[in-house]
Amino acid sequence: MSRARQPPLVTGISPNEGAPWTKVTIRGENLGTGHNDLIGLSICGHNCLLTAEWMSASKIVCRVGPAKDDKGEIIVTTKSGGRGTSTVSFKLLKPERIGILDQSAVWVDELNYYDMRTDRNKGISPLSLRPANPLGIEIDKGKVPLKDLENMFTGMSGDFTSENFSATWYLIENHSSTSFEQLRLAVGNLKKQASKKNEGSLAYVKGGLSTFFEAQDALAAIHQKLESDGTEKVEGSMTQRLENVLNRASETADTLFQEVLGRKDKADSTRNALNVLQRFKFLFNLPLNIERNIQKGDYDVVINDYEKAKSLFGNTEVPVFKKVYSEVETRIEALRKLLLDKLLETPSTLHDQKRYIRYLSDLHAPGDPAWQCIVAQHKWILQLMQNCKEDFIKEHKVAGAGLEMDWSSALSRISLSAQVKRGGSFQTPKDDSWHYKSPQQVRFVEKLSDVVISQLPNFWKLWISYVNGSLFSETGEKSGQVEKLKKNARQRQNDFKGMIEEVTRRLVQLVRGALLPSSLTELQLRQYGGWDTKTPLSGAWLTQVIHTVRLSHEALSALEIPNDLLQVIQDLLQDLRVHCLLTTLQRTEEDVKRLAEKEDWVVDNEGLTSLPAQFEQCMVQMLQSLKEPMESKPGEINIFNLDVIQDKVCEQCVSIMKVFIKCLEQLSTKTDGDIDTSHLSVDLASTDLFGSIQEDFISKPEQRLLIILSNCQYLERHTFLNLAEHLEKNGFTTAEKIIRVSIEGLRQLDEYLFETYVEKKSDPIVGTLEPGIYAGYFDWKDCLPPTGVRSYLKEALVSIISVHAEVFTVSKELVPRVLSKIIEAVAEEMSRLMQCVSSFSKNGALQARLEICALQDAIEPYLTSESRTSFKQALEALPQLQSGADKKLLEDLLNKFKSSMKLQLNCFKPASFQPVKR
């Protein structure tokens with residue numbers, strides 16, 4: 001099958017090496033016509049299709065997965081071009097541990113790192129915030145392999161944040177080529193960093209030293225005064241007096257400034273409330289912002305705000321915060337429901353499904369949204385398939401009321417070699433004429449295949465993403481939750497396998513209901529049947545159906561769906577191929593049966609009509625139409641190797657041959673009134689010679705027998721042998737048996753027609769011999785001396801010449817065969833008549849010998865052993881010639897006879913015929 005585009009060719013990848021999840025740019029030629037055209041992308045044997053972003057026909061961006069191979073090719077597969085090749089390779093490096101503050105050009109798996117979004121309420125390890133270059137000098141990576149370092153420092157690490165940090169490892173790995181001066185500079189940098197820490201706390205103490213001294217002096221003075229006055233609370237003591245003074249001052253101040261202070265407190269309270277609102281406006285505005293962002297579809301913003309609020313206020317005990325946060329939770333719960341509804345909504349794209357699943361995972365939605373989506377998609381696909389069938393059944397009922405389809409014209413529209421582009425639409429062209437002429441079952445299978453091929457790939461990819469956890473790789477979830485989801489997926493593998501089996505089984509059963517209803521049970525027919533099967537599809541339409549189903553199987557196999565799940569489609573293909581084969585053979589038998597109506601009795605120079613050629617053409621067209629459906633594609637078996645099919649095919653082919661032989665027999669027995677001769681002619685080298693006898697010639701039954709005999713000879717010697725070669729070339733394992741049985745039947749017909757024709761022609765000639773001999777009361781015992789050959793013999797020869805002319809006009813090859821048989825009958829009759837004579841006179845014996853010899857010499861080229869024996873027996877019954885005068889008289893009379901009938905006897909000369917070996 002020819003493709004519309006060349007296979008993809010990868011000519012470059014950047015970068016050409018890296019750790020897993022490295023983002024790479026692939027460049028090449030014929031990399032697809034769009035995102036939907038890209039159906040496969042593997043790097044080092046790992047499927048990278050889920051992360052692929054198709055940019056153009058020469059550029060694709062994706063991330064490298066954790067492949068097993070260290071180095072491998074980049075293979076791109078597209079619908080339009082098929083599986084491609086690569087002139088470059090990619091090297092997969094072992095991932096290095098990268099600190100949280102280190103710069104990195106590749107994606108880092110953050111599952112084992114601190115996450116700023118979910119862990120804001122947790123402390124940050126001081127080690128994780130240390131600089132990536134503690135020495136403060138340029139890092140010069142050495143060429144010492146990592147494996148050698150691991151062997152040299154067993155159990156140690158070159159990561160300075162590790163508990164097992166080895167300074168020697170770090171220096172060898174990062175500064176193996178650094179100069180001594182640079183290392184001395186690094187030591188100075190480390191000392192400065194250490195001194196800065198010490199100087200920081202010391203400078204803090206120096207800056208506040210005077211304040212500390214003043215506070216110390218004040219405390220010491222108060223302590224001394226209190227000691228001098230005593231520590232007891234005695235009336236009139238300094239402390240008591242001081243307390244009274246302070247109390248009175250406070251009461252007076254309160255009285256003077258109570259109103260002012262009240263207003264101040266209220267203002268302070270309002271100001272504090274405004275400060276709180278301003279400080280925490282994020283939380284107070286969050287419910288309204290969530291509503292607005294949901295309406296705009298900015299779900300990422302909502303999720304980020306929610307996680308921020310959850311980390312700040314999720315465990316708050318402040319009542320106002322708890323109240324606002326509960327309102328936020330209400331909004332988020334409504335968002336979860338909205339996203340779940342959108343996720344389960346059909347139809348939906350794979351991109352949207354993954355997006356909604358990630359949103360729900362970020363929002364910690366209960367249950368398993370990914371599995372809920374898979375279940376909903378499964379139900380949706382099954383419903384689409386059932387709706388497709390019901391729509392076509394309904395359309396058929398409506399169309400059947402006033403529309404009659406022209407099937408014969410439709411057949412002329414379809415080419416036996418038509419090919420559907422791989423991965424393209426299976427539907428026939430949508431012009432009005434084709435829509436009504438294409439059989440309904442064919443359009444149904446194409447539409448059904450379109451439904452499955454358009455839905456099942458995304459369904460399968462969604463499951464693969466669910467199993468390998470890639471649905472949650474970008475959501476910031478903890479590794480524990482991802483592992484839990486992966487575990488759930490593994491536990492549901494059997495459930496998903498059952499879903500795929502149900503889809504493929506439904507596809508097969510719907511196709512069987514439309515095309516192979518006999519293969520379903522009565523219960524299945526009620527569910528999947530309902531089609532009008534009174535007019536069975538022809539082999540050409542079935543070939544197109546097989547082609548469509550094959551494309552569906554190829555498309556599903558390309559998804560790497562296990563073969564055991566697709567076996568039901570293979571079984572369907574086998575049954576369709578067998579049905580197509582037997583249907584085509586049955587249709588061919590009907591076509592062959594109608595060939596008798598096309599016989600025009602126009603004879604060519606070889607004595608043949610167009611009937612053998614029409615029969616051979618009919619059979620060859622049948623074999624050509626079967627070439628595609630009978631060809632065994634990968635995974636298919638050769639149906640000719642099945643014993644049951646072999647027997648049926650052999651039986652059907654033999655039936656076709658017998659039907660054709662029966663047509664020949666029927667043509668030979670047609671009466672004159674059954675044949676229209678107004679349009680007939682004989683195509684000879686000289687049409688003027690025979691033009692006057694054309695109408696009279698073809699109208700006779702004897703001539704039709706000759707034409708059919710000529711056709712039979714050609715069929716046996718050429719047509720059937722050609723068909724045997726064609727049958728063997730097309731895989732018919734019983735071709736030899738088919739032709740052998742057919743030739744036997746043809747020979748039986750040939751013998752029957754030949755004997756019929758010879759009997760019709762020889763009986764009148766033989767019947768005139770005895771009356772002619774004894775005409776005029778002729779007596780062998782008493783007759784006059786012979787003066788020449790009598791008229792009866794000349795009349796017999798003229799009759800034989802007439803037969804010769806009749807046969808020669810049709811076929812020169814039949815002349816020896818026909819005349820030999822007629823002459824055998826004449827010779828046998830002459831022998832009988834001579835042996836029945838009791839005695840001969842001298843003149844009678846001479847007359848009899850003259851006539852027998854004249855007859856024998858005239859038809860010499862057509863004598864057979866049987867006729868020679870009869871003539872010999874006839875001559876032996878005659879008295880021998882005694883005198884030389886009698887012999888001389890006999891010779892003269894024979895010469896006179898040959899001379900007088902020279903013109904008539906020219907047709908018997910050997911040059912006028914070619915002997916035929918049977």
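This is a predicted model, so every value here is computed, not measured.

**Q** Mind showing me how you'd approach the pairing of strand β8 (residues 71-78) here?
**A** Walk down a regular strand and you will see the side chains alternate between the two sheet faces. Counted residue by residue, β8 has six buried out of eight residues, so it is predominantly covered. The sheet contact formed by strand β4 (residues 38-43) and β8 spans five bridges and is antiparallel. In the sheet register, L41 faces β8, and the bridge partner there is V76. Pairing analysis gives three bridges linking β8 to strand β11 (residues 89-92), with the strands arranged antiparallel. When the bridges of β11 are listed, K71 appears paired with K91. For β8 and strand β9 (residues 82-83), the ladder comprises two bridges, and the chain directions are antiparallel.

**Q** Even after reading the chapter, I still don't get the packing of helix α8 (residues 319-344) against helix α9 (residues 350-362), so can you show me in this structure?
**A** The relative placement of two packed helices is expressed as an angle between their axes plus a distance between the axes. Where α8 contacts α9, the axes come no closer than 9 Å and their chain directions differ by 155°. One way to sum up the angle between α8 and α9 is to call them roughly antiparallel. Pair α8 / α9 crosses with left-handed handedness. Contact with α8, carried on its side by R336, L339, L340, K342 and L343, involves Q353, Y356, I357, Y359 and L360 of α9 and no other residues of that element. By residue class, the composition of the contact of α8 with α9 is seven nonpolar, one polar and two charged.

**Q** Can you walk me through the pattern of salt bridges in this structure?
**A** Here the idea is simple: oppositely charged side chains can pair when their charged atoms come close. In this structure the tally under the stated criterion is 21 salt bridges. Residues R717 and E813 are paired through a salt bridge, measuring 3.5 Å at the closest nitrogen-oxygen approach. Taken as a pair, R717 in helix α23 (residues 701-729) and E813 in the loop between α25 (791-810) and α26 (814-836) lie far apart in primary sequence, 96 residues in all. Owing to a relative accessible area of 41%, E813 belongs among the partly exposed residues under this scheme.

**Q** Can you walk me through the side chain of T178 in this structure?
**A** Mapped onto the secondary structure, T178 falls in the loop between α2 (167-175) and α3 (180-207). What makes T178 buried here is its relative accessible area of 15%. Engagement of the side chain of T178 in a polar contact is seen with the side chain of H175, the distance being 3.2 Å. Look past the residues within four positions of T178 in its chain and what remains in contact with it is I137, E138, D140 and L183.

**Q** Looking at this model, I keep getting lost on the packing of aromatic side chains. Mind explaining?
**A** One pair of aromatic rings is described through two measures. These are the centre distance and the angle between the planes. Counted according to the given criterion, the structure contains eleven aromatic pairs. Note on F313 and F321: the rings are 5.2 Å apart at their centroids and 65° apart in plane angle, and the pair reads as edge-to-face. Under the relative-accessibility criterion, F313 is labelled buried at 7%. Arranged with centres 6.3 Å apart and planes meeting at 55°, the rings of F615 and F720 form a pair that is tilted. Here F615, found in helix α19 (residues 611-630), pairs with F720, found in helix α23; they are 105 residues apart in sequence, far enough to count as distant. Residue class for F615 comes out buried when judged on its relative accessible area of 0%. Residue F720 is classed as buried on the basis of its relative accessible area, which comes to 0%. Taken together, the ring pairs connect W371, W460, W463 and F496 into an aromatic cluster. The ring of F778 has R790 lying over it, and the distance from NZ or CZ to the ring centre is 3.9 Å. A cation over a ring is seen here: R817 above F754, with NZ or CZ 4.0 Å from the ring centre.

**Q** Explain the sheet that holds strand β6 (residues 53-56) to me, please; I cannot follow it from the model alone.
**A** Strand pairing in a sheet is mediated by backbone hydrogen bonds. Such pairs are either parallel or antiparallel. Taken together, the five strands give an open sheet; going across it, the order is β6-β7-β3-β1-β10, and neighbouring strands pair in mixed fashion. Unpaired on one side and paired on the other, β6 and β10 (85-86) mark the two borders of the sheet. The pairing of β6 with strand β7 (residues 59-63) spans three bridges and is antiparallel. Paired with S56 across the bridge in β7 is K59.

**Q** Would you mind going over a nonpolar patch on the surface with me for this structure?
**A** Together, L256, F257, V260 and L261 make up a nonpolar patch on the protein surface, roughly 370 Å² of accessible area in all. With a relative accessible area of 35%, L261 lands in the partly exposed category.

Thresholds applied
Residues numbered from 1 in each chain as written. Predicted model: local features only at pLDDT ≥ 70, side-chain atom pairs only at ≥ 80, totals over all residues. Heavy atoms only, no water. Buried < 20%, exposed > 50% of the residue type's maximum accessible area, 1.4 Å probe, protein only. Helix = DSSP H or I, 4+ residues; strand = E, 2+ residues; numbered from the N terminus. Pairing = 2+ DSSP bridges. Axes fitted to C-alpha atoms, helices over the stretch in contact; angles between N-to-C directions. Parallel < 35°, antiparallel > 145°, perpendicular 65-115°, else oblique. Left-handed = near helix turned anticlockwise from the far one by under 90°. Contact = heavy atoms within 4.5 Å. Nonpolar A, V, L, I, M, F, W, Y, C, P; charged D, E, K, R; others polar. Salt bridge = Lys/Arg side-chain N within 4 Å of Asp/Glu carboxyl O. Polar contact = N/O pair within 3.5 Å; in protein donor to acceptor, adjacent residues only side chain to side chain. Phe/Tyr/Trp six-rings, centres within 6.5 Å; stacked < 30°, edge-to-face > 60°. Lys NZ or Arg CZ within 6 Å of the ring centre and 35° of its normal. Patch = residues over 30% accessible without salt bridge, like charges linked within 9 Å, V, L, I, M, F, W, Y side chains within 5 Å. Areas by Shrake-Rupley, 256 points an atom, 1.4 Å probe, with all protein chains shown as cover.

Any functional reading would require information that these geometric values do not contain.
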